[in-house]
Amino acid sequence: MALPQLIPSTTSSSITHQPPCLNPKSFRFLSDSNSSPGVLHRRRRPNFLRCSASSFPEKHNTNPPKSNDVVELPLFPLPLVLFPGAILPLQIFEFRYRIMMHTLLQTDFRFGVIYSDAVSGTAEVGCVGEIVKHERLVDDRFFLICKGQERFRVTGVVRKKPYLVAEVTWLEDRPSGEEDLDALANEVESYMKDVIRLSNRLNGKPEKEALDLRRNLFPTPFSFFVGSTFEGAPREQQALLELEDTATRLKREKETLRNTLNYLTAASAVKDVFPSSS
C-alpha cells in the first residue's frame, strides 16, 4: 500500500484550518526527507521505514498512564511527528544524544519525540518513543528502532543540557459522546482505498484492490495509523496528534482524503482525455 504525501499548508499549525488534499506527485508511504542536522538521522533501510496497520495495537492499553500524572522525560526535537503505534528508525550520532542513549539503555528505554521546525518552533505535544531494538557501533553511534507509545504535553523544562529534559503530562482522547466511531473509521478506510486505487492509476501502476487497512484496529489507534501515513506535511500531522477527540480526528482525516479523491478523480479524467499530457 502507498499513500501520497500531504501538501504542506501555511496554516497547518492550527487545528481548525481547512484540511489539505494529498499530493498526487509523490506516492511514497514515508518521505525521504532528512532529519535535522546534528541531532538524529533516520537509518535508510526501506524495510524499517514501512509503517503498517500491524504496527498499531489491536486493543486499547488496559493500564494507560493517568492524564494528571507528571513525569520527567528526555526529549528529542525532530522535524517529524511520531504517532502512537508507529515504528520509527533513528541513528544517534551527536555526543549529547549518545549520552542520553547510555542513560536510557540502563533505565526504561523511553524518551519523547517532539516536532520542531524553524517556522513554528518546538511543539508542546509529542509522543513517547520506546526503544524496541538497538545496535551500538564501534564509534559509539547507535541505530535504534522505536515504537510510538503515549502522547504527552510539555508543562515545563527541567534542564536543557546536556540534552533537553521536560516535565510532561499524559494526553488522552476524550469520550466522543454519541458519535459512531466505527462507522467513521470505516468511511475513512473506504476513502483511503479509493485514494490508493486512483493514485496507482495515475502513476501507471496496477489498480489493485486495497486490502483490509484497519486490521481489527479500534477507531482511536486507527486514526493514529491514518495520521502516520500523512507524512508529507508534518504540521498537519502535528495538528492531528494534538486533537483530543477521536471523532474529530477521523472527520478531519476523512475530509482530507475526500479532497484528495476529488482532485485525483479530476486528474484521472484529464489523463483519459489528454493521455499525452500525463
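It should be noted that the structure appears before, not after, this text.
Just so it is clear, the structure is predicted and the values come from calculations on it, not from any experiment.

Here we come to the nonpolar core. If you look at the biggest cluster of nonpolar residues, it comprises 58 residues, and the most contacted ones within it are Phe76, Ile92, Met101, Phe111, Phe152, Met192 and Phe222. Tallying contributions element by element places helix 3 (residues 181-202) first for this core, with eight residues.

Given two aromatic rings, their pairing is described by the distance between the two centres and the angle made by the two planes. Taken as a whole and judged by the stated rule, the model has four aromatic pairs. Considering the side-chain rings of Phe76 and Phe111, the 4.7 Å spacing of their centres and the 85° angle between planes classify their relative orientation as edge-to-face. Taken together, the residues span a long stretch of sequence, with Phe76 in strand 4 (residues 70-78) and Phe111 in strand 6 (residues 110-117) at a distance of 35 residues. Residue classification places Phe76 among the buried residues on the basis of a relative accessible area of 0%. You can call Phe111 buried: its relative accessible area is 0%. Aromatic side chains Phe222 and Phe225 sit 6.1 Å apart centroid to centroid with 40° between the ring planes, which places their arrangement in the tilted category. Within this pair, Phe222 and its partner Phe225 are both found in helix 4 (residues 219-228), separated by three residues, close to a single helical turn. Each member of the pair, Phe222 as well as Phe225, carries the same accessibility label: buried.

With that settled, consider the side chain of Ser176. With respect to the helices and strands, the residue Ser176 is situated in the loop between strand 9 (165-171) and helix 3. Given a relative accessible area of 16%, Ser176 falls into the buried group. A polar contact is formed between the side chain of Ser176 and the side chain of Asp245, at a distance of 3.4 Å. In this structure, Ser176 is in contact with Leu181, Asp245, Thr246 and Ala247, ignoring residues within four places of it in sequence.

Cut-offs used in this document
Residues numbered from 1 in each chain as written. Predicted model: local features only at pLDDT ≥ 70, side-chain atom pairs only at ≥ 80, totals over all residues. Heavy atoms only, no water. Core = buried A, V, L, I, M, F, W, Y, C linked by side-chain atoms within 4.5 Å. Buried < 20%, exposed > 50% of the residue type's maximum accessible area, 1.4 Å probe, protein only. Helix = DSSP H or I, 4+ residues; strand = E, 2+ residues; numbered from the N terminus. Phe/Tyr/Trp six-rings, centres within 6.5 Å; stacked < 30°, edge-to-face > 60°. Polar contact = N/O pair within 3.5 Å; in protein donor to acceptor, adjacent residues only side chain to side chain. Contact = heavy atoms within 4.5 Å.

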